[in-house]
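Chain by chain, the residues run as shown.
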Amino acid sequence: MEIDRVPFLNRLRRTMSSAEAWGFSVVGYLMWFNLSPLMQAEIGSASLLVWIPGVIVGILFNLQVQSLGEKYPDVSGGTPNYITRLLDRYPTLSRYLGIAYYLGWVSFPAINAIVITDLIQFHLAPMGLNIPEKVFEIGFTAIAYFVAFSGTRAVAILHLFFVFPSIGFLLLFCVQGLGWLAFSPQSAGLLPSSIDAISVHDWLKWYLFAAYSFYGCDTASSFVADSLHPKDTLKALSWVAWFMPLVFVGGTLVLVQLATAAGLEGNLYGKFLVAAKPFWGDAAPVIVTLLVAASCLLGSATSVCNTPRILFQLAQDGLLSPVFGAVSRRGALEPALLLTFICSLGFLVWGNTTRIVVVSGVSFFISIMGLHLGLWMQRKDPVVRWGRLSLALLVVEFISLVVGGVAWGWMDFGLGLLLPLVVIAIDAAILRIPWAYLHLPWWDRLHTKPVTPPKNEDFVVLQVAILIALICGAATISWLIRSWLRVEAGTNNPYLLIIVLMTLAFLGVAIACWTSLPQVAAMEELAISSTAQAKELETTLNELKKAQMQVIQSEKMSSLGQLVAGIAHEINNPVNFIHGNLTHLDEYTQNLLQMIELYQQRHPSNDPDVQAMAEEIDLEFLTEDIHKIISSLRVGTERIRGIVLSLRNFSRMDEADIKNVDIHEGIESTLLILQHRLKDRSDRPGVVTIKDYGTLPKVECFPGQLNQVFMNILVNALDALDEMNTKRSYQELKDTPNQIRIRTSAIDNQWVEVAIADNGIGMPDPVKQRIFDPFFTTKAIGKGTGLGMSISYHIITEKHGGKIKCFSTPVSGTEFVIQIPIRQQTISGFPIAAQS
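Keep in mind it's a predicted model, so treat the numbers as computed, not measured.

Concerning the overall build of the protein chain
Piece 1. Of regular secondary structure, the protein chain possesses 27 helices and seven strands.
Piece 2. Across the 836 residues in the protein chain, those meeting the buried criterion constitute 51%.
Piece 3. Pairs at least 24 apart in sequence give 79% of the contacts found in the protein chain among residues at least 6 apart.
Piece 4. Total accessible area computed for the protein chain in this model is approximately 39,300 Å², and 61% of it derives from carbon and sulfur atoms.

Looking at the sheet that holds strand 5 (residues 751-758)
Working definition: the strands of a sheet are paired by backbone hydrogen bonds and lie parallel or antiparallel to each other.
Piece 1. Taken together, the five strands give an open sheet; going across it, the order is 2-4-5-7-6, and neighbouring strands pair in mixed fashion. With partners counted over all chains shown, the strands left at the sheet margins are strand 2 (688-692) and strand 6 (803-809), one partner each. Going from strand to strand, the sheet's axes swing by 15° on average, the running direction of each strand aside.
Piece 2. In this structure, strand 4 (residues 739-747) lies alongside strand 5, joined through eight bridges in antiparallel fashion. Within the sheet, the bridge partner assigned to Arg741 lies in strand 5 and is Ala757.

A closer look at the nonpolar core
Piece 1. Within the largest apolar cluster, 147 residues are counted, with the highest numbers of intra-cluster contacts made by Tyr29, Phe173, Tyr215 and Phe248.
Piece 2. No other element matches the 18 residues that helix 5 (residues 91-124) contributes to this core.
Piece 3. Residues contacting Tyr215, with those up to four places away along its chain left out, are Val57, Phe61, Tyr207, Phe364, Phe365, Ile368, His372 and Glu397.
Piece 4. Ranked by size, the runner-up nonpolar core spans 39 residues in total, among them Leu674, Val687, Leu696 and Ile791.

Points about the pattern of salt bridges
Piece 1. Evaluated as defined, the whole model comprises 13 salt bridges.
Piece 2. Across the pair Lys71 and Asp381 runs a salt bridge, and its minimum N-O distance is 2.5 Å. Here Lys71, found in helix 3 (residues 47-71), pairs with Asp381, found in the loop between helix 13 (353-377) and helix 14 (387-408); they are 310 residues apart in sequence, far enough to count as distant.
Piece 3. Asp381 sits in the buried class, given a relative accessible area of 10%.
Piece 4. Notably, a salt bridge pairs Lys235 with Asp232, separated by 3.6 Å at the nearest N-O pair. With Lys235 and Asp232 both in helix 9 (residues 230-258), this residue pair falls three residues apart, about one helical turn.
Piece 5. For Lys235, a relative accessible area of 42% gives the class partly exposed.
Piece 6. One network of salt bridges, with partners in common, ties together Arg677, Asp719 and Asp722.

Some thoughts on the environment of Val357
Piece 1. Position of Val357 relative to the elements: it lies in helix 13.
Piece 2. Non-local contacts of Val357, meaning those with residues more than four positions away in its chain, are made with Leu35, Ile111, Phe209 and Tyr212.

Comments concerning the packing of aromatic side chains
Piece 1. Per the counting criterion, the structure on display carries 30 aromatic pairs.
Piece 2. One aromatic cluster in this structure is built from Tyr29, Trp51, Phe61, Trp203, Tyr207, Phe214, Tyr215, Phe248 and Phe365.
Piece 3. Over the ring of Trp408 we find Lys205, and its NZ or CZ is 4.4 Å from the ring centre.
Piece 4. A cation sits over an aromatic face here: Arg379 above Trp376, 4.3 Å from the ring centre.

Structural notes on the pairing of strand 6
Piece 1. As judged from the seven bridges shared by strand 6 and strand 7 (residues 813-821), these two strands associate in the antiparallel manner. Bridge pairing in strand 7 links Ser808 to Thr814.
Piece 2. Between strand 6 and strand 7, which pair antiparallel in sequence order, lie three residues; one of them, Val811, sits at a positive phi of approximately 80°.

Description of a nonpolar patch on the surface
Piece 1. Together, Leu391, Val395, Phe398, Ile399 and Val402 make up an exposed nonpolar region whose accessible area comes to about 400 Å².
Piece 2. When you line up the elements, Val395 lands in helix 14.

Some thoughts on helix 11 (residues 284-316)
Piece 1. The end-to-end C-alpha separation of helix 11 is 47 Å, in line with the 48 Å expected for 33 residues at 1.5 Å each.
Piece 2. Most of helix 11 is tucked away, with 32 of its 33 residues classed as buried.

Focus on the environment of Tyr215
Piece 1. For Tyr215, the location among the structural elements is in the loop between helix 8 (200-214) and helix 9.
Piece 2. The spacing of Tyr215 and Asn62 is 153 residues in sequence and 7.8 Å in space, taken between C-alpha atoms.
Piece 3. At 3.4 Å, the side chain of Tyr215 forms a polar contact with the side chain of Tyr207.

Let's talk about the confidence of the model for the protein chain
Interpreting fine coordinate detail is not advised for predicted regions of low pLDDT.
Piece 1. On average, residues of the protein chain score 78 in pLDDT, and 75% of them are at 70 or above.
Piece 2. This stretch, residues 1-9, has a pLDDT under 50; its non-local contacts, to residues over four places away or in other chains, come to 23 contacts.
Piece 3. Predicted confidence for residues 484-492 stays below pLDDT 50, and this span has seven contacts to residues more than four positions away or in other chains.

What about the environment of Met369?
Piece 1. Mapped onto the elements of the fold, Met369 is located in helix 13.
Piece 2. A relative accessible area of 10% means that Met369 is categorised as buried.
Piece 3. Distance in space between the C-alpha atoms of Met369 and Leu394 is 5.6 Å, their sequence separation being 25 residues.
Piece 4. Those residues in contact with Met369, other than ones at most four positions away along the chain, are Leu394, Glu397, Phe398 and Leu401.

Here we look at the packing of helix 8 against helix 14
Piece 1. Remark: helix 8 packs on helix 14, axes separated minimally by 8 Å, with the N-to-C direction vectors making an angle of 95°. Accordingly, the angle class assigned to the pair helix 8 and helix 14 is roughly perpendicular. Taking contact as the criterion, the partners of His201, Leu204, Lys205, Trp206, Tyr207, Leu208 and Phe209 in helix 8 are, on helix 14, Ile399, Ser400, Leu401, Val403, Gly404, Gly405, Ala407 and Trp408.
Piece 2. In the contact of helix 8 with helix 14, the residues fall into 10 nonpolar, four polar and one charged.

Quick word on the side chain of Asn62
Piece 1. Assignment of secondary structure puts Asn62 in helix 3.
Piece 2. Once residues lying within four places of it in the same chain are set aside, the contact partners of Asn62 are Cys217, Asp218, Leu237, Val240, Ala241 and Met244.

Brief notes about the pairing of strand 4
Piece 1. Bridge analysis of strand 2 against strand 4 gives five bridges, and the strand direction is parallel. Within strand 4, the position partnered with Lys691 by the bridge is Ile742.

Here we look at the packing of helix 5 against helix 11
Piece 1. Two elements in contact, helix 5 and helix 11, have axes separated by 9 Å at closest approach and are oriented at 160°. In terms of orientation, helix 5 and helix 11 fall into the roughly antiparallel class. As for how helix 5 packs across helix 11, the hand of that crossing is left-handed.
Piece 2. Looking at the contact of helix 5 with helix 11, its residues break down into 17 nonpolar, 11 polar and no charged.

About the thresholds
- Residues numbered from 1 in each chain as written.
- Predicted model: local features only at pLDDT ≥ 70, side-chain atom pairs only at ≥ 80, totals over all residues.
- Heavy atoms only, no water.
- Helix = DSSP H or I, 4+ residues; strand = E, 2+ residues; numbered from the N terminus.
- Buried < 20%, exposed > 50% of the residue type's maximum accessible area, 1.4 Å probe, protein only.
- Contact = heavy atoms within 4.5 Å.
- Areas by Shrake-Rupley, 256 points an atom, 1.4 Å probe, with all protein chains shown as cover.
- Pairing = 2+ DSSP bridges.
- Axes fitted to C-alpha atoms, helices over the stretch in contact; angles between N-to-C directions.
- Core = buried A, V, L, I, M, F, W, Y, C linked by side-chain atoms within 4.5 Å.
- Salt bridge = Lys/Arg side-chain N within 4 Å of Asp/Glu carboxyl O.
- Phe/Tyr/Trp six-rings, centres within 6.5 Å; stacked < 30°, edge-to-face > 60°.
- Lys NZ or Arg CZ within 6 Å of the ring centre and 35° of its normal.
- Patch = residues over 30% accessible without salt bridge, like charges linked within 9 Å, V, L, I, M, F, W, Y side chains within 5 Å.
- Expected span 1.5 Å × (residues − 1).
- Polar contact = N/O pair within 3.5 Å; in protein donor to acceptor, adjacent residues only side chain to side chain.
- pLDDT = per-residue confidence, 0-100.
- Parallel < 35°, antiparallel > 145°, perpendicular 65-115°, else oblique.
- Nonpolar A, V, L, I, M, F, W, Y, C, P; charged D, E, K, R; others polar.
- Left-handed = near helix turned anticlockwise from the far one by under 90°.

Written out as structure tokens, the structure is:
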């Protein structure tokens, strides 16, 4: 079933600052934080053999995703939605892979809820108290979604507050732990005395398990479309990549060397507490509790921001129901959040941490394999950094998926493969159910209701900060009063205070998001709306100015075309008359000459007047030369007719619609118009034109407009050559003549490529980057409007659905490469190759 694309109006606004977007980039470290204790408990120091190659792959992966983000700065959701671009020829497969990645992240709130609930139970156990675990787990899962429903900015700012305690203490744990191992006299050494043995089978099993971490550090790419500064946001990917060795390898070394106490097994809190005791001392329980609590809440906040954007972009691309493309004024992706919340609860109710990690990890791992498949298939694209290496990684990942997945259990492995199909089936059902709120128009009507503006102005950041401070302060005072009164002896546990503070901060912001913050956000929307209207007005004026100049330029070309067509028509009639009568003239002349020759044979005359006349007109020479004259006249008229035909081909005034034409005819006609600039002159030799024409089919195009593009490029090339010639002598020009090379070829039976290059002065990068900007020109005032290349870009990209690229280096010349489809229909994107 074909799904309509989401209307353009349903877009995410760029509201996120660089700091907020950067905060989402470090959550992959928290995945290591959750997974590494279990790995260290199961395989000991052999876990290093998994993390070290994983770090190398993770660094390459992050740098590749950064490159894709630079190509797709308006794509939300990050990696899974880059996969759909790479595999756009296979929409069914790309939709499956996008959903598989989504499911990998959906499980994260459930995992964090289980971890933080276990932490609370750990601290309550000495008091003899128990809690209803499932109720707490569901509550901690729901908190983050409750905040996310209020809008993007609030959860992004809240997320930023939790980055500092979680990531800050995690990095401190790694750095201080490594320092203690390296320099402390009590240390057993920085490196283990031996590495535990691990079989290939087990290595593949744990590589699959750990892939969540080193493939999960790409989160910042999900927020490029929201960011006010997309390039700065993408820089987070490289920073996170280069810190991977410190966290994944360094942190694992600290656990391997210090978390050796018996009975800990895979207990996350216990492992980190024992490992931190040597260098944090008595402060270790407080810091580790703060680290675990903040990290779990931070991870959940990232997941509820990241996962709905994946569904949103899939809907934008027509791969999911349009309802998932609904977005509120404050950037809340409500339908996508609802489905994500249901999926998270499903994971939570269904299994324990290990099973959730395995099942969701299988889905996540499949999507990463899809990315590497797409990179290999698009390896000729300049944006793909390691195309051939991607094939090798794909093979290793496939083996790891099969061997490792089966090792974790057939049931979990099969569930990981089938879950994306379940979500796709749910999406198909949504399309068929007639309930209004399952379709986009209902949400659009909801989001377009008028908003009552608030009276007082404020900032969302300040509001969140004040709210957190008030709640934390009130909770701390309450705790101190309770401790002072000693209401219940023996229950004074300061570590629970940390968890309470973190949870209350989340709850407080959630409450504010549904009370005071909507008013603040509404006021901010009004300010943004006013600014946007001003910018829109300015943009409209610029577009009108651009359109006016384009109309003027188009009228000039139209007038030129009419003039050329008129001249061609006027010349064509008399030339055709002359050319048509030359045949008869040749025939009559031959008859008259034959008659004279017959007279000479039959009636020879010695009459002196006749002899004098024959000598005067040189009858013998006249008889021979008259044939040559008539032949020369025929060649001349044929040449004029050819020129007239070329003029008509260039003007194409009778072909305003799309036609099947020979591209070479248009190029030749343009060269003929410019012949006066190509031929020898007194101040320089002629320009050498090198034609490297390939075999081209007829091309569907607007021929007159395409000829205009050829004219603009060739005129610019000749201007560049003339500018260079002013600095060279005639002899230098003769030794190294001016050249224009025209190359044509067909690509994959879908595209025609025309490359026009000169050996002129070339262009520096700043000029090259602006060459297609309207009104940009390097020519003197009065010699250029700055619209020629802008109009050419418009004709190629918008009129013909093609591509035009400029390659230039100072002193080395310039080449323009044009690619247009042979047939004017939707064709898969084909990247313009590097300069040949």
